[in-house]
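These are the residues of each chain, in order.
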Amino acid sequence: SKAGLAREGGLPALGPDRGTALTRRALPATAEAETARWLYGRARGNALYTVALLEDLAQDANRRVVPIGVQERVRVTLLELPHTSREVLEAAAVVGHSFALDSLVALVPNLAADDVQRLVQRGVIVESGRAEDPGYDFVHPLVKESVYAGIGAARRREVHRALPSALPADSVSPCGY
């Protein structure tokens, strides 16, 4: 079984030095330290995402968006999920990288525990909170960004409109990290 989108293939995480060396080999003309730092920060050491970002940078050294390959992997994963699980993931992407179960319940009225558990099992989100106060994180910012980018404009507006009443008053701003 897959261990999650951000760990797919069982490749070990790349440290900053290995990421920099890989960047210099793949992009000799554009491998300034700044590009290598950006790449490491963006991929967070994930080998799969590092390679996808390097492929995009090889095409355009100024490209700074979620790689098409990552977007496609996330899209395929979403298509394999039941409708309610997709709704949960879309709502979570609007809320931000980290989100509370209570926020999702307010945004997706027909939410079932199975929907959230399915997303954890698929490796798209991970549990981050205590048992009495469940919280979740997207497994990687690139996954969150891919989900958010794939939400239709009407659905995105709908969730954004419902967001103020779904978030606790002391919550951080939506879509943040």
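The model shown is predicted, which means the values in this text are computed figures rather than measured ones.

Considerations on the pattern of salt bridges
Counting across every chain of the model gives six salt bridges. With a closest N to O distance of 2.6 Å, Glu-145 and Arg-42 form a salt bridge. Of the two residues, Glu-145 sits in helix α8 (residues 141–150) while Arg-42 sits in helix α2 (residues 33–43), which places them 103 residues apart along the sequence. Under the relative-accessibility criterion, Arg-42 is labelled buried at 15%. Across the pair Arg-155 and Glu-90 runs a salt bridge, and its minimum N-O distance is 3.0 Å. Separated by 65 residues along the polypeptide, Arg-155 in helix α9 (residues 153–166) and Glu-90 in helix α5 (residues 83–95) bring together distant segments of the chain. In this structure, Arg-155 and Glu-90 share a single accessibility class: buried. Linked by salt bridges that have partners in common, Glu-90, Arg-155 and Glu-158 make up one network.

Some thoughts on the packing of aromatic side chains
Here the structure, examined in full by the defined rule, presents two aromatic pairs. Centroid distance Phe-99 to Tyr-136: 6.1 Å. Interplanar angle 20°. Geometry classified as stacked. Of this pair, Phe-99 sits in strand β1 (residues 98–100) while Tyr-136 is found in strand β3 (residues 135–138), placing the two residues 37 residues apart along the sequence. Comparing Phe-99 with Tyr-136, the two get one shared label, buried. Ring plane angle 65° and centroid distance 5.7 Å describe the contact between Phe-99 and Phe-138, whose orientation is recorded as edge-to-face. Here Phe-138 lies in strand β3 and Phe-99 lies in strand β1, a separation of 39 residues in the sequence.

Focus on the nonpolar core
Within soluble globular proteins, side chains that are nonpolar generally end up buried alongside one another. One finds Leu-89, Phe-99, Leu-107, Ile-125 and Phe-138 to be the most contacted residues of the largest nonpolar core, which totals 38 residues. Among the elements that line this core, the one with the most residues is α5, at seven residues.

Overview of the confidence of the model for the protein chain
Mean pLDDT over the protein chain: 79, with 76% of residues reaching 70 or higher. A low-confidence stretch, residues 1–7 stays under pLDDT 50, and its non-local contacts, those more than four residues away or across chains, total 18 contacts. Here residues 172–177 scores under 50 on pLDDT; set against residues more than four positions off or in separate chains, the count is 18 contacts.

Reading guide: rules and limits
- Residues numbered from 1 in each chain as written.
- Predicted model: local features only at pLDDT ≥ 70, side-chain atom pairs only at ≥ 80, totals over all residues.
- Heavy atoms only, no water.
- Salt bridge = Lys/Arg side-chain N within 4 Å of Asp/Glu carboxyl O.
- Helix = DSSP H or I, 4+ residues; strand = E, 2+ residues; numbered from the N terminus.
- Buried < 20%, exposed > 50% of the residue type's maximum accessible area, 1.4 Å probe, protein only.
- Phe/Tyr/Trp six-rings, centres within 6.5 Å; stacked < 30°, edge-to-face > 60°.
- Core = buried A, V, L, I, M, F, W, Y, C linked by side-chain atoms within 4.5 Å.
- pLDDT = per-residue confidence, 0-100.
- Contact = heavy atoms within 4.5 Å.

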